[in-house]
Amino acid sequence: MTVSIEVRELSEEARYAALSARFQDVFARIAEGALERESNRVLPFEPVAWLKESGFTTIRVPAEHGGEPVSYEHLSRLLIELAAADSNVSHLLRSHFSFVETIALQPVEFRNRWFPRVLAGEIFGNAATERSGNALGTTQTKLREEGGRWLLKGEKYYTTGSIFADWVVVMASTEGREGRQYALVRVDDPKVTILDDWDGFGQPLTGTGTAIFEDVEVDAGDIIQRKVTSTLEPAFFQLVLLAVLVGIGQAALRDASTLVRDRTRTFNTGSGSLFRNDPLIQERVGQIAAGVYAARSIVVAAARDLDAAVDASLGLDADAAFVRAELGVQQAHVTVPGLVLAAANELFDVTGASSTSRGKGLDRHWRNARTVATHNPAVFKARSVGDYHINGTIPTGLHSIGDAVQATQHIQGSDS
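About the thresholds
- Residues numbered from 1 in each chain as written.
- Predicted model: local features only at pLDDT ≥ 70, side-chain atom pairs only at ≥ 80, totals over all residues.
- Heavy atoms only, no water.
- Helix = DSSP H or I, 4+ residues; strand = E, 2+ residues; numbered from the N terminus.
- Buried < 20%, exposed > 50% of the residue type's maximum accessible area, 1.4 Å probe, protein only.
- Contact = heavy atoms within 4.5 Å.
- Areas by Shrake-Rupley, 256 points an atom, 1.4 Å probe, with all protein chains shown as cover.
- Axes fitted to C-alpha atoms, helices over the stretch in contact; angles between N-to-C directions.
- Parallel < 35°, antiparallel > 145°, perpendicular 65-115°, else oblique.
- Left-handed = near helix turned anticlockwise from the far one by under 90°.
- Nonpolar A, V, L, I, M, F, W, Y, C, P; charged D, E, K, R; others polar.
- 1 Å grid on protein atoms, 1.4 Å probe; cavity = no way out; pocket = protein on both sides within 12 Å on 5 of 7 lines; lining within 4 Å.
- Points joined across faces, edges and corners; volume = space filled by probe spheres on them.
- Core = buried A, V, L, I, M, F, W, Y, C linked by side-chain atoms within 4.5 Å.
- Polar contact = N/O pair within 3.5 Å; in protein donor to acceptor, adjacent residues only side chain to side chain.
- Phe/Tyr/Trp six-rings, centres within 6.5 Å; stacked < 30°, edge-to-face > 60°.
- Lys NZ or Arg CZ within 6 Å of the ring centre and 35° of its normal.
- Pairing = 2+ DSSP bridges.

**Student:** Looking at this model, I keep getting lost on the overall build of the protein. Mind explaining?
**Tutor:** On a plain count of helices and strands, the protein comes out with 13 helices and 8 strands. Taking all 416 residues of the protein together, the buried fraction comes to 49%. Pairs at least 24 residues apart make up 75% of the contacts formed inside the protein by residues separated by at least 6 positions. With the model as given, the accessible surface of the protein reaches about 19,600 Å², and the carbon-plus-sulfur share is 53%.

**Student:** Please clarify how the packing of helix H9 (residues 279-309) against helix H10 (residues 318-346) should be interpreted in this entry.
**Tutor:** Axis angle and axis distance: for two packed helices, these are the angle between their axes and the distance between the axes, and together they describe the pair. Contact pair H9 / H10: the axes reach a minimum separation of 8 Å and the direction vectors enclose 165°. With respect to H10, the axis of H9 lies roughly antiparallel. Crossing of H9 against H10: the hand is left-handed. Looking at the contact of H9 with H10 residue by residue, the classes come out as 18 nonpolar, 3 polar and 4 charged.

**Student:** I'm lost on empty space enclosed by the protein in this one. Help?
**Tutor:** It is a probe the size of a water molecule, rolled over the atoms, that shows where empty space is left. According to the stated counting rule, one finds 1 cavity of 30 Å³ or more in the structure shown. If you trace the largest cavity, you find 14 residues lining it, with Asp86, Ser87, Arg364, His365 and Asn368 closest to the centre. Elements with a contribution of two residues or more to the lining of the largest cavity: helix H2 (34-40), helix H4 (72-85), helix H5 (87-92), helix H8 (233-262) and helix H11 (363-373). Grouping the constituent residues of the lining of the largest cavity by class yields 6 nonpolar, 4 polar and 4 charged.

**Student:** Would you mind going over the nonpolar core with me for this structure?
**Tutor:** Most often, soluble globular proteins keep nonpolar side chains buried together rather than apart. Residues Leu51, Phe56, Leu152, Val185, Phe213 and Val336 are the most contacted members of the largest nonpolar core, which totals 75 residues. Looking at which element gives the most residues to this core, the answer is H8, with 11 residues. With residues near it in sequence (within four places) discarded, Val336 still touches Leu242, Leu245, Val246, Ala295, Ile298 and Val299.

**Student:** For this particular structure, what's the right way to read the layout of surface pockets?
**Tutor:** Quantified by volume, the second largest pocket comes out at close to 400 Å³. Looking at the lining of the second largest pocket, the elements with two or more residues in it are helix H6 (94-104), H8 and H10.

**Student:** What's the story with the side chain of Thr141 in this structure? I'm lost.
**Tutor:** By secondary structure assignment, the location of Thr141 is in the loop between strand S1 (124-127) and strand S2 (142-146). For Thr141, the side chain forms a polar contact with the side chain of Glu130, separated by 2.8 Å. In this view, Thr141 contacts Glu130, Leu152, Lys153, Gly154, Glu155, Lys156, Val170, Met171, Ala172 and Ser173; residues no more than four positions away in its chain are not counted.

**Student:** Looking at this structure, how should I read the packing of aromatic side chains?
**Tutor:** The relative placement of two aromatic rings is captured by the distance of their centres and the angle of their planes. Within this structure, the stated rule accounts for 15 aromatic pairs. Both rings, one in Phe99 and one in Trp114, keep their centres 6.5 Å apart while their planes meet at 85°; by these two values the pair is edge-to-face. Remark: Trp114 occurs in helix H7 (residues 108-119) and Phe99 occurs in helix H6; sequence separation between them is 15 residues. Members of the aromatic cluster, joined through ring pairs, are Phe99, Phe110, Trp114, Phe124 and Trp167. Positioned over the ring face of Tyr157 is Arg131, at 3.6 Å from the centre of the ring. Here the basic side chain of Arg263 rests over the ring of Phe275, its NZ or CZ set 4.7 Å away from the ring centre.

**Student:** Whenever I open this one, the pairing of S2 confuses me. Can you help?
**Tutor:** Along any regular strand the residues' side chains alternate between the sheet's two faces. Sheet topology note: the S2/strand S3 (residues 149-156) ladder contains 5 bridges and is antiparallel. Opposite Glu145, over in S3, you have Trp150 as the bridge partner. Here S2 folds back onto S3 in antiparallel fashion, the turn holding 2 residues, of which Gly147 has a positive phi close to 55°. One ladder, built from 2 bridges, connects S2 with strand S4 (residues 167-174); its direction is parallel. Note on S4: the bridge partner recorded for Leu143 is Thr174.

The quantities given are spatial measurements derived from coordinates; they are silent on function.
What follows is the structure, given as structure tokens:
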């Protein structure tokens, strides 16, 4: 039995090694220009095009629709590698891969229309969040029907990846219809404006800015009712961010190792030996490596929980599958950000003041990790996990962003 398990594990690793090898050249090309792009705010249109040409954006299309799908684990590992090359590029594809998951949940007619577009290399961006003014669970972006045509009007922010995409998936609401909808519109529609006005101190090249929709016409068949039931989509959406974080950690470890290996200057308060031979510096780099290894292992384990949730042979019902996936990712979210932020910070403890040179751009690892880590506060995930283990409460999420009810009431009261 032991031999059988070992053979199966080796086979799984061999499959991933072959998959990873397909994209190593393009990942290396992306890594070569990462520092220059971020230093000069050059949006990565070329790297996105290279990934499209390589077929990277198609790797979750189901086999019945012409794809060669990889597992959640293998996708996560690839995203980690890509993020180590350039975390901006890995992050901006989050919306694309998430919409591919959404397509798979739709009726067959919708799948038959959209999966061929994914296979053709078309990319999807996201426009869900509004800056303020919308109550939690609602949107100020509206769909309305006029003369048999559906029109979309509104403004979004945090539209990650949309500036690089062919299509934008816009969250909207419709008068008289319960819940919210997704509307798909072309980025090159003359009534769609995508701005590069994201001013965050990290992940500056993800296109996380403003999108404006001025009565954009939407095909009725391209409007999806957003599901509020327990699906794996939220867990997958968060898993991508965790993979990006681990990739940032790997980049910090890579740079720390290179700096120590190449350094010839030392301190009069130290041992006087080369940094690469100093046991205290070696220990510090080892601690960085161990933290990144732990973060990566946690994310891979969470991805395996998603794979298990959709494994028909396990016979999980929908609720059990949701809990396994959601809980795995939430627990990962509690621990991974801290591990990666520590690695990005400790990078400076193995070098000297020269490491703070803007030209080296080493601060980008901490800034990028800190920015990604803010997307969903870990404290809320920890509370949810604790409630489950203490009380058996199934993890739930509001799956939306907006003003709290109390804030909305306060604003309305101030206006009256």
